[in-house]
Structures are given as C-alpha cells and as structure tokens.
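Below are the chains, spelled out letter by letter.
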Amino acid sequence: MPEKHSIQIPGAPASEPASVEEPTTPREPLPPKPDQRGPEAVSPTGSPTGAPATARAQSGQYLTTAQGLRLQDTDHSLKAGPRGPILLQDHHLREKITHFDHERIPERVVHARGAGAHGVFRSYGTAANITRAGFLAKDAETPVFVRFSTVLGSRGSADTVRDTRGFSTKFYTDEGTYDLVGNNIPVFFVQDGIKFPDIVHAAKPHPDREIPQAQSAHDTFWDFVSLHTEAQAHTMWNMSDRGIPRSFRTMEGFGVHTFRFVNAEGATTLVKFHWKPKQGVHSLVWEEAQIINGMDPDFHRRDLADAIEAGAYPEWELGVQTFPDTEDQMFEGIDLLDPTKFVPEELAPVQPIGLMTLNANPTNYFAETEQVAFHPGHLVPGIDVTNDPLLQVRLFSYLDTQISRLGGPNFGQIPINRPQAPVNDMLRDGMHQQAVHAGVAPYHPNSLDGGCPFLAGQDMGAFIDVPEELAASIKERRNPVSFDDHYSQVGLFFRSLTPVEQDHVIQAYTFELGKCYETSVRERQLAALANVDARLCAAVAKGLGLPAPSPSEQVQESKPSPSLSQVGKKWPVAGRIVGILADEGSDLVAVEAARQALDAEGIVPLVIAPAGGFLGSGNDGGVPVQRTYLTARSTEFDAVLVATPGTVAPDAAPGLDAKAAAPGDALDPRAVLLLTEAFRHAKAIATLDSNSAALKAAGIPADAPGIVSGKKVEGVIQELTGLLSAHRVWERFPAVSA
Ligand code: HDD
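Residues numbered from 1 in each chain as written. Predicted model: local features only at pLDDT ≥ 70, side-chain atom pairs only at ≥ 80, totals over all residues. Heavy atoms only, no water.

Identification of the protein chain as Catalase from Paenarthrobacter nicotinovorans is taken from an unreviewed UniProt entry. Under Sequence similarities (unreviewed entry), UniProt gives the following word-for-word description of the protein chain: "Belongs to the catalase family. HPII subfamily." Per UniProt, the protein chain has the following entry under Catalytic activity (unreviewed entry): "2 H2O2 = O2 + 2 H2O". (UniProt positions renumbered as here; feature names shortened; annotations may be inferred.)

Have a look at this one:
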C-alpha cells in the first residue's frame, strides 16, 4: 500500500486523511491487430540510427509516451491530491493534450473531402513507342495511391452533392513519383490559373452566412460563371449526370490538360489522359443524390471501402488520346492548350495503355488519405508539361499549398508521400525534418563529399525538359484568340446526350438557378444558355418563370459526339447491389436461391426484412437479414427483388405501429416507400409473384418497363441482371415537359 498523505487546512475540522488512489492497475495488453503496422523506413534514405523499420509507431505492446516511455496510468492527471489542482509537472498530460490540440491540420482549400485507396497499375506497353516513362513499359507494375474527392465541400460534407470529383493518382515508379491529378470532367472552369481563386471564392459558401455547404446552387457561383463565360463548359458538365456519380468506381477520370510524351529518341507526342472505369460510367438521379446526402453522407466513401473489402476491386483502364506535337498545338480546330475544351473521342479515339486495380483500403485515414500531397509537377522522364496556362499555374500552386497544409517543406518524407525510388537530394533541415542526413556538402559541385550525389544523364534516367522553341512574342496579359469561343463545345455536349440525359440537365439548371435569390443572376445565366442551345434555354426559362432571351452569338451547330452519353451501353454487373425485400411470409427457399444466383454473378444481395436476425429456422439456420425497414433506403440498391407476399405482421416492425400506419393487409409504408422510390429512380424491379400484392401496394404497374416477374428464380435473376447491366431502365423516366 502506498503511504497516505493529508493536508490539514488551518481552522478546518480534522478529518480522515484523504487517501491517494491506487495507480490504475496495468491490464494485460491486447495483442496488436494484424493490420496494425507502423510506417516503414524513418528516412527516405534509410534509418541512419539502424532502428528497426517500425520504430516510430505502434511497436511493442505497452502504451508509451511519444518518446517510448512506458506508462502506468493514462486515465488520471497528476494532481496535488485527489481534489487538488493539476500539476504543471504532468508531462504525460501535457504531451497528450498538446498533441490532441494539434490533431487537425488545415483542410485542403479545395477537394477537402476525399477517400483514398491503394492499388497497382499494370502497363500494357502500348505507349512504349511514344514515351520512355519506365512505368509505361510493357508489363511494368507500379504501386499507386488514389484519392477521390469533391471540390467544394468541407471535410465533413456529404458525398453525393452536385460537384466535380477529383481523381488523383500517385504512381510510385522506380524513376520517381508521378502524380496524375485529374477530375471526372475533362474540361475546367477557367483557362488561366490566375482565375482559380475567383472561381473558388465564387463557388465556396457565401462569406457572410457561410452557406450553402458543398453546393453550386447559389448566387455567387452563378454570378461569376455567367459573367466569366469560359466557365460555361465546365458548368454544363456539372449540370449533367456527371455531377452526381453513382460511385467513385463508376466515374471516368481525365488529366484535363494536354501533356507531352517524350520517347527514347526524344520525339514528342501530345496526349490527353483518360481513366475508363471497367464498371461503366454511371450516375445517380438528383432526387436519389439528395436523399443520400441525408441518409448516408458517406455513401461514396463507404461504397469504395466496402467494394475493396469484399474483393470486388474497382478497375480503370488508363488511355490516351494522341495528337501530333505541331507548332500551333491545334487538333481539328480545337486548341489543345485550352483546358475548357475536350477532343471528342470520335475524332481521337482513346487508346488503352494500362490497367489500374484498387485492391487495398488505407490503414489510417489521416496518415494516408489526408496527408497525401499531390502535385502536377511530380513528373517522370518521358512525361512533360505543356504551356496550358492553367497547368502552368498549377505547377506553382500545389507545392505552395502543401507547405502550409502539411506544416513545412518536408512533407515528402511523410510515409504516404515517400517516393519508392532512391532519394538523394540536397534539401536540408526545415520543419518536421525526419531524416538524419550525413555528409558535409549538401551543395553542387562539391569535393568534400566526393562529389556526391552525382548528376545523371538521359541514359541514366534523368528528367530532361523538352527543349521547346518559343515563338518570339510580346510580354502581355492575354489569351490566344482561339480561347475566345466559350459556347460551341457546350452546345455540342448538350446535343450529344440522349433526351433523358438532356432532361436531367434542364432540371439541374432549373434547380440551381431556382436557388438563386437575384433575378439578375438568373437572367444573365439564361442569356449564356441562349448562346448554347435554344431548346435548353427555353426549357430552363420556363421552369424559372422568366422569358427566354435571344442569343447574343450565333449558336454553333457541331457534330454530336455519342460517346459522351452514358445511356445505351451494357456494363459488367459485378459489385452492383440488389435489395431483396422479404419477410417470414416469403418463400425462403426461393429467396436463398436468388441470393445464390446473384452471388454467382458477383452481385451483392442484401436481404431487407421487417426486423434483423434471420428469416426462417431460428438464429442459425435461416436466411440472414442485412437491412431492416429502419436501416434500408432504396438509394442503396441498384435493383430490388420483391420476395415479400406483401403483408407484414404488426409486431414484426420495431419502432412502428405497422397496423396503424398500414391499415388492413397493406405493405409496411417503409417498404412501399422503398419500392416507389426504386420505381421512380428507374431501377429494375423483379418479383417472384406475377400478381404481386407488394407491387400493387406500391402502385407499381406490373407491365411497366423494367418490371420482371416469373416463378423461376433463375430466369428472373437472369432478366434482372440484363436490366442491371444497362444501369437503369431509361425508358421509365418521364420526359420533362419543357
Ligand atoms: Fe487543383 C487540389 C484537380 C486546377 C490548386 N486539384 C486538387 C485536387 C484535385 C485537383 C483532384 C485534390 C488532390 C488531392 O486529392 O489531394 N485542379 C485539379 C484539376 C485542375 C485543377 C483537374 C484543372 C485541370 N488546382 C487547379 C488550379 C489551381 C489548383 C488552376 C491553382 C491555381 N488544387 C489546387 C490546390 C489544391 C488542389 C489549392 C488544394 C489541396 C492541394 O492542392 O493539395 O493547390
């Protein structure tokens, strides 16, 4: 027993001396989880102290301070007696609280909300004749880390807002790290990086009330884009279904700018990068997106992590459009240096050059997804930049932002940012330096360190800037004249979509402008739309109750590019989710057969029942229930199989007086909501009962498009799978009366 201490207050009645509590009894430590591992090497140049690779975090079984001192108590601060003040001496308390106080780093000024994953890139070698990049050689395999993001929202904002998505890939190549920092939209808001702060200030919440969060549906955004009309191209893509992807897994990615490939002979080719998802390009519908924002703000993040954990690894093919590196850098009348323009795939097909598979979730969100630092200037030999004025400014901005976001110039030493190629730089010291550099001569040339490190030549893998002849020109603040066309490709995009997709665009503009308070802003955006497409402008104007203005510029009719549409193609169904509505009255043998048939297709079946647990024989033998009426919402499912006979026992739905809410034999109202939403969002619905009471209760006509029914499970699942491969039952969407 430790000795008892007491302090007698003068004049106070003598009392039993207060006892100092026993220190917390150390508990037997739990063994570390198998995936609990520390970061690897301490320094990019190896650990000079010879400490083991896991020396920095989570090694050993005991709780320690940051200095490795084992702790006996982390539950009580050190006090002058149990009721006394806390002592400044408590070094453990101060270390713990100080660290906690600084646990958050500034969030990214844009793309603050993101989700990451590890993977591997396997090169086909098809680009080896036009680039000497080692990771694009035949059969080269390169580890990658990808971060997907929204642009506008804060770190805690919802996933399914209408916004552009970031698609950044870090290739840890043998020749240094290469970053492809792209978006899911191939054009950008502005042509010159000097305008980036303007568009971001306009799109972020209003400075007075700090609303709205993660939305472009507000006055300052539409004020700016209607005044600065080069932004019309990007906003059109945002208003299309591309602005609300179904999943990160079903997004295309684009490098946006034109880059320059350089081959072993020094010959150059201009290229645009494309990521093509093997899963297809799919989107949500707007109502779904809005419901999900409330029901599951982490929808995209969860979807990515779940898919990877389930082994349904998302895959993208990397492809390039190639263009001759001509003096004018134009292709079919399109200025390749203008980042608000894209090149239709019908004019320059995307040629596949490799496959990326995301196969591991991050171990720690902060250490990896948050601290990862991308930079379009992280290049490798064989890939160089062009004079696109947006890209040129990015080359400055990303390095600069990481310095304040990650607390100094040594962010490259953070494990997720560490190159997997040997590093021997002459950068020294600075905040958060983790390497112990040896030598006395971090300068070049030197003799005192034997001239080390040496300079490499091209034959030793050095990066050589492409020598580019610059036309004698005047120093001025001006864009080329070819950047002046702000409308023709916007109309081209709209007219390339199918009618149902065009309706979505009309609805999106009408929604967004309908949220603006200022009529002058709406009118100005309508004036911009008049230059894009008369029908689009008239439909949006009608929805807003405003007159449709006449165009101020001649509307350019250009050949549509069908490849821009997401409708009409068939895609693999693996990884899609089918909800099975079932209860104790269901034919559970059929339900089990359906589960197995879906599983065989790689589809994830989730049984939705009035209550959790199992349907059928007790707790271990029945059909497992994954969602209940309380936890399920239609938005989680790509299709629904109705296996309930259409009634629900009144006591089977906890939290709801089902009898009161659904008088008679009607289906539980939450199941009705699920079915009506699935129907309205044009999802395939199947039933094992051609006279389904459940469908009737939901008011769904059995002969509507995309309703499958039959007695044979196999046939029903086959038909359902066929519908699923088209993503939605497109013909079910009602045309918007414009
Ligand atoms: Fe940017 C982040 C994509 C133009 C300045 N950008 C950022 C991210 C993506 C993009 C995906 C998130 C990276 C991550 O996950 O960590 N940005 C783009 C694309 C652009 C673009 C595709 C045009 C084609 N960006 C752009 C310009 C500027 C910036 C013109 C500045 C002039 N971007 C930044 C930034 C960010 C950033 C402020 C914020 C956090 C970060 O860099 O690391 O530097």
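## Thoughts on the overall build of the protein chain
Regarding its fold elements, the protein chain presents 18 helices and 20 strands. Within the protein chain, the proportion of its 738 residues that are buried is 49%. Long-range contacts, defined as pairs at least 24 residues apart, comprise 71% of the intrachain contacts of the protein chain with a sequence gap of at least 6. Surface exposure of the protein chain reaches about 35,300 Å², of which carbon and sulfur atoms provide 56%. (Helix = DSSP H or I, 4+ residues; strand = E, 2+ residues; numbered from the N terminus. Buried < 20%, exposed > 50% of the residue type's maximum accessible area, 1.4 Å probe, protein only. Contact = heavy atoms within 4.5 Å. Areas by Shrake-Rupley, 256 points an atom, 1.4 Å probe, with all protein chains shown as cover.)

## Comments concerning the coordination of the iron atom of the ligand
Exactly one donor from the protein chain reaches the iron atom of the ligand: Tyr398 (OH), at 1.8 Å. Checked against the element boundaries, Tyr398 lands in helix α8 (residues 389-405). (Donors = N, O, S within 2.8 Å, 3.2 Å for Na, K, Ca; no water.)

## Section: the sheet that holds strand β17 (residues 627-628)
One open sheet holds the 6 strands; their spatial order is β17-β14-β13-β18-β19-β20, and the pairing between them is parallel. Taken across any chain shown, the strands that pair with only one partner, and hence form the sheet edges, are β17 and β20 (707-709). Against the sheet, helix α13 (residues 588-600) engages β13 (577-581), β14 (604-609) and β18 (639-642), with an angle of about 150° to β14. Sitting on the sheet, helix α18 (residues 713-724) touches β13, β18, β19 (684-687) and β20, and the angle it makes with β19 is about 175°. (Pairing = 2+ DSSP bridges. Axes fitted to C-alpha atoms, helices over the stretch in contact; angles between N-to-C directions.)

## Quick word on unusual backbone geometry
The peptide bond linking Ile211 to Pro212 adopts the cis configuration, its omega dihedral lying at -5°. Structurally, Pro212 can be placed in the loop between α2 (196-203) and α3 (219-227). A cis amide bond, omega 0°, links His444 with the succeeding residue Pro445. You can see Pro445 is positioned in the loop between α8 and α9 (488-496). Positive phi values are uncommon outside glycine, yet Asp429 reaches one of about 60°. Unusually for a residue other than glycine, His432 sits at a positive phi of about 60°. You can see His432 is positioned in the loop between α8 and α9.

## As for the site of the ligand
Inspection of the region around the ligand gives 24 residues, with Arg108, Arg147, Arg394, Tyr398 and Gln402 positioned closest. Residue Arg394 places a side-chain N or O atom 3.3 Å away from a nitrogen atom belonging to the ligand. Residue Tyr398 places a side-chain N or O atom 2.7 Å away from a nitrogen atom belonging to the ligand. For the shell around the ligand, the secondary-structure elements that each account for two or more residues are β3 (165-173), β4 (176-183) and α8. Among the elements that line the shell around the ligand, the one with the most residues is α8, at 7 residues. Split by residue class, the shell around the ligand holds 11 nonpolar, 10 polar and 3 charged. (Near = heavy atom within 4 Å. Polar contact = N/O pair within 3.5 Å; in protein donor to acceptor, adjacent residues only side chain to side chain. Nonpolar A, V, L, I, M, F, W, Y, C, P; charged D, E, K, R; others polar.)

## Some thoughts on the pattern of salt bridges
Two side chains of opposite charge can pair, provided their charged atoms sit close to one another. If you walk through the whole model with that rule in mind, you get 32 salt bridges. The salt bridge partner of Asp223 is Arg524, with a shortest N-O separation of 3.1 Å. Here Asp223 is found in helix α3, whereas its partner Arg524 is found in helix α11 (residues 519-530), with 301 residues between them in sequence. Taking relative accessible area as the criterion, Asp223 reaches 29% and is therefore assigned partly exposed. (Salt bridge = Lys/Arg side-chain N within 4 Å of Asp/Glu carboxyl O.)

## A closer look at α9
Counting buried positions over the 9 residues of α9 gives 9, a clear majority of the element. Ser488, Gln489, Val490, Gly491, Leu492, Phe493, Phe494, Arg495 and Ser496 are the residues of α9 that are buried. Elements that come into contact with the buried residues of α9 comprise α4 (232-239), β10 (334-335), α10 (499-514) and α12 (534-544).

## Description of the packing of aromatic side chains
Each pair of aromatic rings is reported with the distance of its centres and the angle of its planes. If you walk through the whole model with that rule in mind, you get 26 aromatic pairs. With a centroid separation of 5.6 Å and an interplanar angle of 85°, the aromatic rings of Trp237 and Phe342 are classed as edge-to-face. Taken as a pair, Trp237 in helix α4 and Phe342 in the loop between β10 and β11 (351-360) lie far apart in primary sequence, 105 residues in all. Accessibility classification places Trp237 together with Phe342 in one group, the buried group. Taken together, a centroid distance of 5.6 Å and an interplanar angle of 55° make the contact between Phe259 and Phe273 tilted. (Phe/Tyr/Trp six-rings, centres within 6.5 Å; stacked < 30°, edge-to-face > 60°.)

## Quick look at the environment of Val151
Turning to its location among the elements, Val151 is positioned in the loop between β2 (141-150) and β3. Take Val151: its relative accessible area is 11%, and that puts it in the buried class. As for Val151 and Val200, which are separated by 49 residues in sequence, their C-alpha atoms are 9.1 Å apart. Filtering out sequence-adjacent residues up to four positions away, Val151 remains in contact with Val110, His111, Ala112, Asp163 and Thr164.

## Topic: the packing of α10 against α11
At a minimum axis distance of 10 Å, the contact between α10 and α11 shows a crossing angle of 155°. By the angle class used here, α10 and α11 are roughly antiparallel. When the axes of α10 and α11 are compared, the crossing they make is right-handed. Every residue of α11 that contacts α10 at Tyr509, Leu513 and Gly514 is listed here: Arg522, Gln525 and Leu529. Of the residues assigned to the contact of α10 with α11, the class counts are 3 nonpolar, 2 polar and 1 charged. (Parallel < 35°, antiparallel > 145°, perpendicular 65-115°, else oblique. Left-handed = near helix turned anticlockwise from the far one by under 90°.)

## Remarks on the nonpolar core
Counting 51 residues, the largest nonpolar core has Ile199, Trp222, Met236, Val505, Tyr509, Leu536 and Val540 as its most contacted members. Of all the secondary structure elements, the ones that give two or more residues to this core are α2, α3, α4, α9, α10, α11 and α12. If you tally residues by element for this core, the top one is α12, at 6 residues. When neighbours within four sequence positions are excluded, Met236 is seen to be in contact with Val490, Phe493, Phe494, Val505, Tyr509, Val532 and Leu536. The next biggest cluster of nonpolar side chains, apart from the first, holds 34 residues, and it includes Phe121, Ala133, Leu180 and Met251. (Core = buried A, V, L, I, M, F, W, Y, C linked by side-chain atoms within 4.5 Å.)

## Quick look at the side chain of Arg595
Mapping Arg595 onto the fold places it in helix α13. Under the relative-accessibility criterion, Arg595 is labelled buried at 17%. At 2.9 Å, the side chain of Arg595 forms a polar contact with the side chain of Glu592. In this view, Arg595 contacts Ile580, Pro605, Val607, Val623, Pro624 and Gln626; residues no more than four positions away in its chain are not counted.

## Quick word on the environment of Asp174
Inspection of the secondary structure puts Asp174 in the loop between β3 and β4. Judged by relative accessible area, which is 72%, Asp174 ranks as exposed. Sequence separation of Asp174 and Lys96 is 78 residues, and the distance between their C-alpha atoms is 39 Å. In contact with Asp174, other than residues within four places in its own chain, are Ala421 and Pro422.

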